[in-house]
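Given next are the chains, with one letter for each unit.
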Amino acid sequence: MATKRTHRRWTAAAVLGLLLVPACSGGDGAPGEPGADGTPGADGAPGTEGTDGTNGTNGTNGTNGTNGTDGKDGVTYGGEVHFAPVSFPASDAQKRLVQASTSVAVDGSDHPIDFVTEFRAGDVLGSETFGLIVDHQGMAVKNDDDSNFISNAFDFSSLLQVGNKIFQVTHLETLPGGMYLTELSQDANTGALTPVSTQPIDFSAVGGLWTPCAGSVSPWNTHLGGEEYPPDAREWDEIATIDQLHPAFTRPMLRYWGLDIYSTTNGQLDLTKAQVAAVWNPYFHGWVTEVAVAMDGTPSVMKHRAMGRVAVELAYVMPDQRTAYITDDGQNGSLYMFVADTAGNLSAGSLYAMKWWQTSPDGADGGSADIEWVDLGHATDAEIDAMIAADITFGDIFAVETPLNDGSCPTSGFIPVNASQAGGSRLECLRLEPGMEKAASRFETARYANMLGATTEVRKEEGVTYDPDSHTLFVAISSIERGMESFAKNGNPNTSYDYGTSDDIRLASNTCGGVYALDVAPDPAIGSDYVAQNWRAIVVGQEMSYGQGSPYAGNTCSVNGIANPDNVTFMVGYDTLIIGEDTGSGHQNDAVWAYDMLTGKLTRILTTPYGSETTSPYWYPDLGGFGYLKLVVQHPYGESDSNQSTGPMDERAYDGYLGPFPAMSTK
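Keep in mind it's a predicted model, so treat the numbers as computed, not measured.

Asks: Help me understand empty space enclosed by the protein in this model?
Replies: Over the atoms rolls a probe the size of a water molecule, and in doing so it shows where empty space is left. For the structure shown, the criterion picks out two cavities of 30 Å³ or more. When its volume is computed, the second largest cavity comes out at roughly 50 Å³. What lines the second largest cavity is F156, A214, G215, L314, G463, V464, N567, V568, S616, P617 and Y618. Going through the elements one at a time, β28 (461-467), β33 (565-571) and β37 (613-623) are the ones with two or more residues in the lining of the second largest cavity. Broken down by element, the residue count for the lining of the second largest cavity peaks at three residues, all from β37. Tallied by class, residues from the lining of the second largest cavity come to seven nonpolar, four polar and no charged.

Right, dumping it as structure tokens:
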């Protein structure tokens, strides 16, 4: 253990005394107590400051953080539009009328609207009878009783504002076909459109016009149409006499060239194949058509043969003014995409056909799929026009042989094909002749697409429209059946719609049809920002069987849903898809619907008389300060219920519009 050390305080005097004590003297007394501590001295002056230290060196930079992932596109919230609903026609009186919404609420403000008839088939406008079909010389085409042929089959009817005038181009869906250009006046206060004059449009320079069906307005303000169910060039090659042409199909078109299709000797037509071949070619028809109207009201026409030849319902051009979608209203058709070389010019470009990769279970109602695009090659109008002038025939393009009973081809190099021809389909064994790829891609587009592996199983593909806010394309399928169903590979190949195909589409039959949404996105390989990526059903009809005691007896699709959707248009900025019907038994009276994309609600906004089809729904948000939903009522009492007609005046088609609306911006 350490010794504890004690400390004692000594004064200086005491210490000195100890040092001076003599060795011989007596001892000193005990030391006195230490005195008190002295007061502390004053602080010394501060020392001088030291010099600053040197700066420290910079630290090393930290590493960059990783980039964050892109956020989702924002949703465009536009305005709101709500139509007053129209009831399903129940009484005989209602079934004879055009019933339409009487009001529409736009962004909370109510506006009166109605269906306005501009004119009807046979009306005299100026010096012309609207609907009169004329031939290549402008003379009236005659019926078999020598009466004038006046078409009752109005279809697409466009509105084009050219300078300070408004023109309307109207399709007449007949054989021969026709188009009329009508000048309209617009009331500056009410927006009412009234016909001023009309004239038939001359198609003689491009081979006449074959059953023009639906259409659209191009971004550069021209009218786009098509020629539906073109004649089968193989059939033309194989017939020996004109009697072998279908009496209600190809044969009536020959009247356009002034040929007599009625005169017979011993029951045989006097008209010979050589007489027809001198003026007509099946490859004259099946093309996208374009009509431009000049400032002075003069029309000019084009057939865009670079875009392919199918049962064209319509072509619809996307906002880039290069990408166009072409729907095929055939029996075994596809969806086609054309990408033009130059914006605003459809005379040259590359053509593609859809390949369907089903993502929904087999049999799913409506179904869904991813799609890819099969390249059919590049062409120009001029190249294909030259082939027509050179009298290229089906036999020049393909060799043909008869399929075996199991649907296969007997000879190597032949491919089984079951694609749309003249509105129908049949199994064929075809072999492409050397060097005929371009001719096949444009003259026989569906057959060639099938040979290259594209999906040609779509049934009655109708209208197409686009919503730029959601980047969504919409396509109507009138009836989901036949090639769109799944079929076992057995039986008679000539009665199965899936022989000669890969049976890509395998859905449950739904004769009421449906409307599909297709997302579009950029595709650098194709060179377009508007390439469809997929299909998904958004609204389908519901098959029904109403009892005889029901007011809806006879309707085979639910009266509260769509039946056989045909043409569609989109109210951009208002999230509303307009759907028009072309139905026979699905609904006794065809309807037009407004479908709210946000809520999924369907509102019936118009119904048509017995036996008529709704055609031409097309939305014009601002034309001279007013909005219009263009609509046509085709062939009343003509598709069904002809026994309900009280006379020819009932049966005349209507051309008109629902509106006027206030001008409605696209937000």
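Asks: Just checking my understanding: could you explain the sheet that holds strand β23 (residues 398-401) for this structure?
Replies: Each strand in a sheet pairs with another by means of backbone hydrogen bonds, the pair being arranged parallel or else antiparallel. The three strands lie next to each other as β23-β27-β24, forming an open sheet whose pairing is antiparallel. Strand pairing shows two members of the sheet lacking a second neighbour, β23 and β24 (415-417), which therefore form its edges. In this sheet, adjacent strand axes meet at a mean angle of 40° when their direction is disregarded.

Asks: Whenever I open this one, the nonpolar core confuses me. Can you help?
Replies: A general feature of soluble globular proteins is that nonpolar side chains tend to end up buried together. Within the largest apolar cluster, 114 residues are counted, with the highest numbers of intra-cluster contacts made by I326, W373, F443 and W535. If sequence neighbours within four positions are ignored, F443 has contacts with Y283, W287, R309, I384, M387, I388, I392 and I397. Ranked by size, the runner-up nonpolar core spans 22 residues in total, among them V106, V592, L629 and V633.

Asks: Sorry, what's going on with helix α6 (residues 381-389) here?
Replies: A turn of α-helix holds 3.6 residues, and therefore any two residues three or four places apart point the same way. D381, I384, M387 and I388 are the residues of α6 that are buried. In a view along the axis of α6, the buried residues occupy a sector of 125°, so they form one face of it. More than 90 degrees from the buried face of α6, the exposed residues found are A382 and A389. Against the buried residues of α6 lie β17 (299-304), β21 (345-358), β22 (368-380) and α8 (437-443).

Asks: Mind showing me how you'd approach the sheet that holds strand β11 (residues 193-200) here?
Replies: Judged by pairing direction, the sheet is antiparallel, and its four strands sit side by side in the order β8-β9-β10-β11 without closing on themselves. The strands lining the two open edges of the sheet, one partner per strand, are β8 (154-162) and β11. Sheet twist, expressed as the mean angle between neighbouring strand axes with direction ignored, is 25°. Taken together, the seven bridges between β8 and strand β9 (residues 165-172) define a ladder with antiparallel strand orientation. The residue bridging F154 from the neighbouring strand is L172, located in β9.

Asks: Teacher, can you tell me more about the state of the cysteines here?
Replies: Linking two cysteines covalently through their sulfur atoms gives a disulfide. Using the criterion set out here, one finds two disulfides in the structure. In this model C409 forms its disulfide with C429; the gap between the sulfur atoms is 2.1 Å. Torsion about the S-S bond of the C409 and C429 cystine: about -100°, corresponding to left-handed handedness. One end of the pair, C409, is in the loop between β23 and β24; the other, C429, is in strand β27 (residues 428-432), with 20 residues separating them in the sequence. Neither residue differs from the other here; C409 and C429 are each classed as buried. The partner cysteine of C512 in its disulfide is C557, sulfur to sulfur 2.0 Å. Given an S-S torsion of about -105°, the disulfide between C512 and C557 has left-handed geometry. In this pair, C512 sits in the loop between β29 (472-477) and β30 (514-523) while C557 sits in the loop between β32 (534-540) and β33, placing the two residues 45 residues apart along the sequence. The exposure classification of C512 matches that of C557, with both residues buried. If one numbers only the bonded cysteines of the protein, in the order they occur, the disulfide pattern is 1-2, 3-4.

Asks: Before we go on, may I ask you to explain the pattern of salt bridges in this structure?
Replies: Between side chains of opposite charge, pairing is possible as soon as their charged atoms come close. Within this structure, the stated rule accounts for 22 salt bridges. Residue E227 is joined to K303 by a salt bridge in which the shortest nitrogen-to-oxygen separation is 2.9 Å. Note that E227 is positioned in the loop between β13 (223-226) and α3 (233-238) and K303 in strand β17, a separation of 76 residues in sequence. Side by side, E227 and K303 carry an identical accessibility label, which is buried.

Asks: Can you walk me through the pairing of β13 in this structure?
Replies: Side-chain direction in a regular strand flips from residue to residue, so the side chains alternate between the two faces of the sheet. Side chains of β13 alternate between two faces, with H223 and G225 and L224 and G226 buried alike. Alignment of strand β12 (residues 216-217) against β13, held across two bridges, turns out to be antiparallel. Across the sheet, residue V217 finds its bridge partner in β13, namely H223. Hairpin remark: β12 followed by β13, antiparallel, with five residues in the connecting loop; positive phi at N221, about 70°.

Cut-offs and rules
- Here the residue numbering is sequential within each chain, running from 1 through the sequence in written order.
- Since the coordinates come from a predicted model, pLDDT governs what is reported: local features require at least 70, and pairs of side-chain atoms require 80 or more to be given and counted, while whole-chain, interface and lining totals use all residues.
- Water and hydrogen atoms were dropped before computing side-chain values, which therefore reflect all heavy atoms in the structure.
- Lining residues are defined by having an atom within 4 Å of a point belonging to a cavity or pocket. Those points lie on a 1 Å grid over the protein atoms alone, cavities being sets where a 1.4 Å probe fits but cannot get out and pockets being open sets with protein on both sides within 12 Å along at least five of seven lines.
- Grid points are joined across faces, edges and corners, and a volume is the space filled by probe spheres set on the points.
- Comment: elements are numbered from the N terminus, with helices defined as DSSP H or I runs of at least four residues and strands as E runs of at least two.
- Gly falls in the polar group here, along with every residue not listed as nonpolar (Ala, Val, Leu, Ile, Met, Phe, Trp, Tyr, Cys, Pro) or charged (Asp, Glu, Lys, Arg).
- Paired strands, in this sense, are two strands between which DSSP finds at least two bridges.
- Axes here mean lines fitted to C-alpha atoms, for a helix over just the part in contact, with angles spanning 0 to 180 degrees between N-to-C directions.
- Nonpolar core, defined: a set of buried Ala, Val, Leu, Ile, Met, Phe, Trp, Tyr and Cys residues in which side-chain atoms within 4.5 Å join the residues together.
- In this scheme, a residue with accessible area under 20% of its type's maximum is buried, one over 50% is exposed, and one in between is partly exposed, where area comes from a 1.4 Å probe on protein chains only.
- The contact rule is simple, with two residues in contact once any of their heavy atoms fall within 4.5 Å.
- The arc in question is the one spanned by the directions pointing from the helix axis to the C-beta atoms.
- Disulfide: a pair of cysteine sulfur atoms within 2.5 Å of each other.
- Salt bridge, as applied in this entry: a Lys or Arg side-chain nitrogen positioned within 4 Å of an Asp or Glu carboxyl oxygen.

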